[in-house]
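The primary structure of each chain is shown beneath.
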Amino acid sequence: MEMEQAAQTAGVNKPRKTQRLNQSYWKKYGVFYIMMAPAIIVLIINNYIPMLGSAIAFKNITYQSPSFFENFMNGAWVGWKNFEFLFNTSDAWRITRNTILYNAVFIFLNLVIGVGIALLFNMMRSRRLAKFHQTVMFLPFFLSWVIVSYLVYAFLNPQLGIMNNYVLSWFGAEEVEWYSDPKWWPVILPILNVWKGIGYYAVLYLAAIIGIDKEYYEAATIDGASKSRQIWSITIPLIRPVIIVLTMLQIGKIFNADFGMFFNATRNAGALYDTTLVIDTYVYQGFLVTGDIGLSSAAGFYQAVVGFLLVFGSNLIVRRISKEDALF
């Protein structure tokens, strides 16, 4: 009897205790949820509600009405036909190959050169000179690709460009039709990407390096470790979490090419499409040029799904190697 009464009392007290804990939790953290609510609402409106438009990839949209909403609602469901048409063409392989290979090169260069420049900045004795160099390297990051495209055109213009009229002529080389010959752009585009964005990555890595406790280096110096040994044994291991996070974020965007660079820097030249056409520019061409909204939506949906899977796949690999360094 006593055990039954105790069990009943515990059963009654448990909901009351849970209720008190919930009230205490909301009293303590409720204000933070209220502060977070506007951002969540904006995120839902801007990022999640538009995802309903992914249904266009599975529809045949006809422009029978001036209202896009009516065209969307009245469009016939065609299932996977838009995807079948996309993957039956050579474009699917070309845009996938270009997008992945370019982004893979960008990720590698941003990591290696970014960490290398951050290490050089950290070893500079003059702090003022280091800040000056950081500012100079960071400036291109704020330039739009429209401005950069005109700078590139000043170099690569076939008739008046610096490369043909000064650099190549100085070495006695033949002039190059830069905007007609696609073989040069797998080299030009990575150079542009590094020039424009490396200052951003260098500053991020430098911030992580500066946060390392100086006592590690002092102890290593007392033990006779050289600068290179300190870099490989102290600096790189301690900034590894930052390296992993930035690399994973870039891997998640490996199917998202920089539209501004691939469209503006190449001046959207059709002769270069074999090495410069990526998913983003293909979606633009399919939607605004040919008017095939179903095909362009299928390409965009394909891009989003693969990018989503890459984020989870790369995070799963990191979790198996080092659980502390995973994003989630």
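Each value, and the rule that gives it
Residues numbered from 1 in each chain as written. Predicted model: local features only at pLDDT ≥ 70, side-chain atom pairs only at ≥ 80, totals over all residues. Heavy atoms only, no water. Helix = DSSP H or I, 4+ residues; strand = E, 2+ residues; numbered from the N terminus. Buried < 20%, exposed > 50% of the residue type's maximum accessible area, 1.4 Å probe, protein only. Contact = heavy atoms within 4.5 Å. Areas by Shrake-Rupley, 256 points an atom, 1.4 Å probe, with all protein chains shown as cover. Lys, Arg positive; Asp, Glu negative; His and termini not counted. Charge placed at Lys NZ, Arg CZ, Asp CG, Glu CD. Patch = residues over 30% accessible without salt bridge, like charges linked within 9 Å, V, L, I, M, F, W, Y side chains within 5 Å. Salt bridge = Lys/Arg side-chain N within 4 Å of Asp/Glu carboxyl O.

## Considering the overall build of the protein
Helices and strands together make up the secondary structure of the protein, namely 15 helices and 2 strands. Overall, the C-alpha framework of the protein stretches about 105 × 75 × 35 Å when taken along its three principal axes. Looking at the protein as a whole, 35% of its 328 residues are labelled buried. Long-range contacts, defined here as pairs at least 24 residues apart, represent 65% of the contacts in the protein between residues at least 6 apart. For the protein, the exposed area adds up to about 21100 Å²; of that, 66% sits on carbon and sulfur atoms. Side chains of the protein carry 25 positive and 19 negative charges; the gap between the two charge centres is 11 Å.

## Brief notes about a positive patch on the surface
A surface patch of like charges, here positive, comprises Arg125, Arg127, Arg128, Lys131, Lys214 and Lys227. In terms of residue count, the dominant contributor to the positive patch is helix H5 (residues 127-138) (3 residues). Following the sequence through the fold, Arg127 ends up in helix H5. The class of Arg127 is partly exposed, set by a relative accessible area of 42%.

## What about the side chain of Thr281?
When you line up the elements, Thr281 lands in helix H14 (residues 279-289). Every residue in contact with Thr281, bar those within four places of it in the chain, is listed here: Phe259, Phe262, Phe263 and Thr276.

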